[in-house]
Amino acid sequence: MATKEKDILEPSLDVLGIAPYKQSKTDKYMDSKMRQHFTNILMALRQRLLEGGDKIVTHMKEDAINYPDPNDRASQEEGFRLELRTRDRERKLLKKIEESLELIREKNYGYCEVCGVDVGLRRLEARPTATLCIDCKTLDEIKERQQKQEEEY
């Protein structure tokens, strides 16, 4: 049974070829060893995104056919639109990756930008560009939902 290729914007560590960090009791949070682990994750993710972006551009150039049938042409344009949307999401993620790498260089990576507590090892492995702890992120999402509801009324 073939394994399904994971979404490039939501890769797991096994897709990137990186083992989860094994923290010992003597390891301090975000010591040099842990920062190096996250640098490796971010660099692998960045490389994967850059390679994927080149494939999209090549695909769009090669598959640009002027179909005589309007339905075929619309299908092709919709496919291109979806690819461009994905590429835009990748571009935004690349920017977040660069910001995260800068935070690692400044030794500020892994701490919530709102309250300053540890974001958490497993949360960062799941989402290496996370800048909020789970509590602050939850509050942020609740506020966002409330704003959307208020805008609808």
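Anything mentioned here points back to the structure above.
It should be emphasised that the depicted structure is a prediction, and the values quoted were computed from it without experimental measurement.

Describing the overall build of the chain
Part 1 of the argument: Scanning the chain from terminus to terminus reveals five helices and zero strands.
Part 2 of the argument: Starting at the N terminus, the α and β elements of the chain follow one another as α-α-α-α-α.
Part 3 of the argument: Put simply, the chain has 153 residues, and 31% of those count as buried.
Part 4 of the argument: Long-range contacts, defined as pairs at least 24 residues apart, comprise 56% of the intrachain contacts of the chain with a sequence gap of at least 6.
Part 5 of the argument: Accessible surface, the chain: about 11000 Å² in total, of which carbon and sulfur atoms supply 51%.

Observations concerning the packing of aromatic side chains
Part 1 of the argument: Here the structure, examined in full by the defined rule, presents two aromatic pairs.
Part 2 of the argument: Ring geometry for Y29 versus Y111: centroids 5.4 Å apart, planes at 85°, classification edge-to-face. Of this pair, Y29 sits in the loop between α1 (13-16) and α2 (32-62) while Y111 sits in the loop between α3 (70-105) and α4 (121-126), placing them 82 residues apart in sequence.
Part 3 of the argument: Under the relative-accessibility criterion, Y111 is labelled partly exposed at 30%.
Part 4 of the argument: Ring plane angle 50° and centroid distance 5.5 Å describe the contact between F38 and Y109, whose orientation is recorded as tilted. With F38 in helix α2 and Y109 in the loop between α3 and α4, this residue pair connects regions lying 71 residues apart in the sequence.

Digging into the nonpolar core
Part 1 of the argument: Within the largest apolar cluster, 22 residues are counted, with the highest numbers of intra-cluster contacts made by M30, M34, F38, I97, Y109 and L124.
Part 2 of the argument: Those elements that provide at least two residues to this core are α1, α2, α3 and α4.
Part 3 of the argument: Top element by residues in this core is α2. It accounts for six residues.
Part 4 of the argument: If we skip the residues at most four places from it in the chain, M30 touches R35, F38, Y109, G110, Y111 and L124.

Points about the side chain of T39
Part 1 of the argument: Among the secondary structure elements, T39 is positioned in helix α2.
Part 2 of the argument: Relative accessible area serves as the criterion here: at 19%, T39 is assigned to the buried category.
Part 3 of the argument: Once residues within four sequence positions are removed from consideration, T39 is found in contact with L101 and I104.

Considering the pattern of salt bridges
Part 1 of the argument: In the structure shown here, the tally under the stated rule is eight salt bridges.
Part 2 of the argument: Ionic pairing is found between E90 and R87, a salt bridge with its closest N-O pair at 3.2 Å. With a gap of three residues between them, E90 and R87 both fall in helix α3, about one helical turn apart.
Part 3 of the argument: Its relative accessible area of 2% is what places E90 among the buried residues.
Part 4 of the argument: The exposure class assigned to R87 is partly exposed, which follows from its relative accessible area of 26%.
Part 5 of the argument: Across the pair R122 and E125 runs a salt bridge, and its minimum N-O distance is 2.5 Å. Note that R122 and E125 are positioned in helix α4 at a spacing of three residues, about one turn of the helix.
Part 6 of the argument: Exposure remark for R122: the relative accessible area of 49% places this residue in the partly exposed category.

So, how was this worked out
For every chain, the first residue of the written sequence is number 1, and numbering continues from 1 onward in sequence order. Local features are withheld for residues below a pLDDT of 70 in this predicted model, meaning they are given only at 70 or higher, and side-chain atom pairs are given and counted only at 80 or more; totals for whole chains, interfaces and linings count all residues. Here the side-chain values reflect all heavy atoms present in the structure, with hydrogen atoms and water set aside. Numbering of helices and strands runs from the N terminus; a helix is a DSSP stretch of H or I covering at least four residues, while a strand is a stretch of E covering at least two. Residue burial is assigned from relative accessible area. The probe radius is 1.4 Å, only protein chains are included, and a residue is buried under 20% of its type maximum, exposed over 50%, and partly exposed in between. Two residues qualify as a contact provided that any one of their heavy atoms is within 4.5 Å of a heavy atom in the partner residue. Computed with a 1.4 Å probe, the accessible areas rest on the Shrake-Rupley method; for each residue, only the protein chains presented here act as cover. Each aromatic pair joins two rings of Phe, Tyr and Trp (for Trp, the six-membered one) with centres within 6.5 Å, and gets the label stacked for planes under 30 degrees apart, edge-to-face for over 60, and tilted for any other angle. In this description, a nonpolar core means a group of buried Ala, Val, Leu, Ile, Met, Phe, Trp, Tyr and Cys residues linked to one another through side-chain atoms lying within 4.5 Å. Think of a salt bridge as a Lys or Arg side-chain nitrogen and an Asp or Glu carboxyl oxygen that are within 4 Å of each other.

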